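Architecture and fold: a report
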Amino acid sequence: VIQGTAQLSAGAHQLLDGQRQLVNGSARLTDGTGQLSDGADKVHNGLQQLRQQTAQLPQQTAQLADGAEKVAQGNEQLASRAEVLGNVSQQLADNLDQTKQRIADQLRSTGVDEETVQKVVDGLDKLNSPVTDANGKVQTQVGQLRMLADGAKQVADGNRKLAQATPTMTGAIGQLAD
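The structure displayed is predicted, hence computed values, not measured ones. (Residues numbered from 1 in each chain as written. Predicted model: local features only at pLDDT ≥ 70, side-chain atom pairs only at ≥ 80, totals over all residues. Heavy atoms only, no water.)

**As for helix α2 (residues 57-94)**
Think of an α-helix as turning once every 3.6 residues; residues three or four places apart then point the same way. Which entries qualify depends on this criterion: The helix count covers DSSP runs of H or I at least four residues long, the strand count covers runs of E at least two residues long, and both are numbered beginning at the N terminus. Helices are assigned an expected span. That span is 1.5 Å times one less than the residue count. For each residue, the accessible area found with a 1.4 Å probe, counting protein chains only, is set against the maximum for its type, and the residue is called buried under 20%, exposed over 50%, and partly exposed in between.
Over its 38 residues, α2 extends 53 Å from the first C-alpha to the last, a length consistent with the 56 Å expected when each residue adds 1.5 Å. Among all positions of α2, only P58, T61, A65, A68, A72, N75, A79, A82, G86, S89 and A93 are buried.

Have a look at this one:
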């Protein structure tokens, strides 16, 4: 009996210790639940703020895309016009020798002496370099305008894709905030 009483007493102590651990664990669980609740409130408030701050984003990105497309269209028109000018400039440079020969032939056919014809031809030869140099500069500018137009088109395309994706993103933020 004494041994049974000792075992009963030891079991009662273990039960008491278990109850204390259960109380301590419950307190920690309550504290953790409170922290979790506070954290969830902070996330919710942050999502609400994010939703409010991104509400106009779809409209703003659409306006940005519209503006970028207008810039791209203007750059395309400018590049196309510059290419026409570039073609004329190239034709002028390509035809310098033929033009010089036609002028010399016309002068000879009207009876101008050969010495005068040569002076005119020599004068025209001096124009070759400036015309060729100017054409090179025109062609460089045309190439840069084409690159600008192509780049502006890529920017406009990217902005349009962003504008199309933004409503999905803001919708997802709204769902998370709710």
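Alright, that's what it looks like, and here's the rest.
**Details of the environment of Q63**
Summarising the element assignment, Q63 is placed in helix α2. In the structure, Q63 is positioned 100 residues away from A163 in sequence and 8.4 Å away in space, judged by C-alpha atoms.

**Digging into the packing of helix α1 (residues 2-54) against helix α4 (residues 114-177)**
Our working definition: Geometry is summarised by axes, namely lines fitted to C-alpha atoms with helices restricted to the contacting stretch, and by angles between N-to-C directions that run from 0 to 180 degrees. Oblique is the label for every angle not falling under 35 degrees (roughly parallel), over 145 degrees (roughly antiparallel), or within 65 to 115 degrees (roughly perpendicular). It is the rotation of the near helix from the far one that decides the hand of a crossing: anticlockwise by less than a right angle makes it left-handed, clockwise makes it right-handed. Between two residues, a contact is recorded if the distance between any of their heavy atoms is within 4.5 Å.
Running from N to C, α1 and α4 point in directions that differ by 150 degrees, and their axes come no closer than 8 Å. Classified by the angle their axes make, α1 and α4 are roughly antiparallel. The crossing of α1 and α4 is left-handed. Of α4, the residues touching α1 (which contributes H44, L47, Q48, L50, R51 and T54) are T170, I173, G174, L176 and A177.

**Some thoughts on the environment of P167**
The residue P167 is located in helix α4 in this model. Between the C-alpha atoms of P167 and A55, which are 112 residues apart in sequence, the distance is 9.0 Å.

**Describing the confidence of the model for the protein**
Where we set the bar: One number per residue, pLDDT, summarises how confident the predictor is, and it ranges from 0 to 100.
Of the residues in the protein, 100% reach a pLDDT of 70 or more, and the chain-wide mean stands at 94. Element-level pLDDT for the protein is lowest in α1, with a mean of 92, against a maximum mean of 95 in α2.

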